[in-house]
Amino acid sequence: MLEAVIVDDEVKALQSLSWELTNLSDEVDIIASFTDAHEALDYLERNTPDCLFLDIEMPAMDGFQFIKNLKNKDFPVVITTAYNQYALQALKNEAIDYLLKPIDTDDLQVTISKIKKHNTKNLTVEKLEKILLNFNADSHSKKITINTDGKLLFLNSDDILYAESDGNYSTIFLSDGQKILLTKKLKEVNTLLPESSFFRIHNSYIINLNKIKEFLKTDGYVVLESNHKIPVSRQKKSDFLDML
């Protein structure tokens, strides 16, 4: 059963569409319906249905403006309207399909099939991503799984020199000179790295203990094999020496 939300500014049109969806198909359950676009946006920020049936002709905010204002877009959108001139624009606005009112049973079944196929594909991707993100939970693996820029990176922990904080961002520095920018705080990065070989030596730095070349006690710095000088905070100095 697909959980659906309907947005249509006309009460009669909304009721009619709801009736058509539930009576023409036994695979759709209407979990919420709105005549006010702003109320619908607020609801969809907190809830993720299986699909959204959205009318185009709305006075305060038309359907295309509604899509642009959607913060949560983790569900397919089906455009519904009595006017067929919006078809191309609907598809350009990332709608999965377009239904012309009054809705035809065959057209509805085709749309439902598209929604199911879309949701099944996304679910498979999510499962795969979870498996890959948990890859480094294996104690025998030296791979670190990093989610960044819409892709998963698999890094060998031995190739990481250190990680540096920049507020809500972090940068990982590799032995070959590469830099990887992450939209994660250093605290989050720290949880991805094996405790046996990485240490947060400073509020702004995590280092690979296997890459240390020198420890300058007087200056309070470690020098890595790459000749990067990383400061050791006073609070971390005692714990750092214990690690060594």
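Residues numbered from 1 in each chain as written. Predicted model: local features only at pLDDT ≥ 70, side-chain atom pairs only at ≥ 80, totals over all residues. Heavy atoms only, no water.

**A few points about the overall build of the protein**
Tallying secondary structure elements over the protein gives seven helices and 15 strands in all. A burial count over the protein gives 40% of its 244 residues as buried. Sequence-distant contacts, at least 24 apart, represent 47% of the contacts inside the protein between residues at least 6 apart. Within the structure as shown, the protein displays about 14,400 Å² of accessible surface, and the carbon and sulfur contribution to it stands at 46%. (Helix = DSSP H or I, 4+ residues; strand = E, 2+ residues; numbered from the N terminus. Buried < 20%, exposed > 50% of the residue type's maximum accessible area, 1.4 Å probe, protein only. Contact = heavy atoms within 4.5 Å. Areas by Shrake-Rupley, 256 points an atom, 1.4 Å probe, with all protein chains shown as cover.)

**Considering the sheet that holds strand β11 (residues 198–202)**
Here five strands make up an open sheet; going across it, the order is β10-β9-β8-β12-β11 and the pairing antiparallel. With one partner strand each, in any of the chains shown, β10 (179–182) and β11 form the two edges of the open sheet. Here the strands of the sheet are splayed against their neighbours by 20 degrees on average, with no regard to which way each runs. Here strand β8 (residues 160–166) pairs with strand β12 (residues 205–208) via three bridges, running antiparallel. (Pairing = 2+ DSSP bridges. Axes fitted to C-alpha atoms, helices over the stretch in contact; angles between N-to-C directions.)

**Some remarks on helix α2 (residues 37–46)**
The complete set of buried residues in α2 reads Ala37, Ala40, Leu41, Tyr43 and Leu44. Each buried residue of α2 sits inside an arc of 165 degrees when the element is viewed along its axis, so together they form one side. Away from its buried face, by an angle of more than 90 degrees, α2 presents the exposed residues His38 and Arg46. In the core, the buried residues of α2 are packed alongside β1 (2–7), β2 (28–34), β3 (51–55) and α3 (63–69). The residue sitting at the N-terminus of α2 and contributing the capping side-chain oxygen is Asp36; that oxygen lies 2.8 Å from the backbone nitrogen of His38. (Arc of directions from axis to C-beta. Polar contact = N/O pair within 3.5 Å; in protein donor to acceptor, adjacent residues only side chain to side chain.)

**Topic: the sheet that holds β3**
Hydrogen bonds along the backbone pair up the strands of a sheet, which may run parallel or antiparallel. Sheet architecture is open: five strands sit in the order β2-β1-β3-β4-β5, paired in parallel fashion. Two strands lie at the open edges of the sheet, namely β2 and β5 (97–100), each paired on one side alone. The mean angle between the axes of side-by-side strands here comes to 25 degrees, regardless of whether they run parallel or antiparallel. Sheet topology places β1 next to β2; six bridges connect them, and they run parallel. The residue of β2 that forms the bridge with Glu3 is Asp29. Those strands touched by helix α1 (residues 11–24) are β1, β2, β3 and β4 (77–81), and its axis lies near 170 degrees from that of β2. Across the face of the sheet, α2 comes into contact with β1, β2 and β3 while running at roughly 125 degrees to β2.

**Thoughts on the UniProt feature "modified residue: 4-aspartylphosphate" (unreviewed entry) in the protein**
Taking the numbering used here, the UniProt-annotated feature "modified residue: 4-aspartylphosphate" (unreviewed entry) corresponds to Asp55. Position of Asp55 among the secondary structure elements: in strand β3. On the basis of relative accessibility, which here comes to 5%, the residue Asp55 falls in the buried class. Excluding residues that lie within four positions of it along the chain, Asp55 makes contacts with Val7, Asp8, Asp9, Gly63, Thr80, Thr81 and Lys101. (UniProt positions renumbered as here; feature names shortened; annotations may be inferred.)

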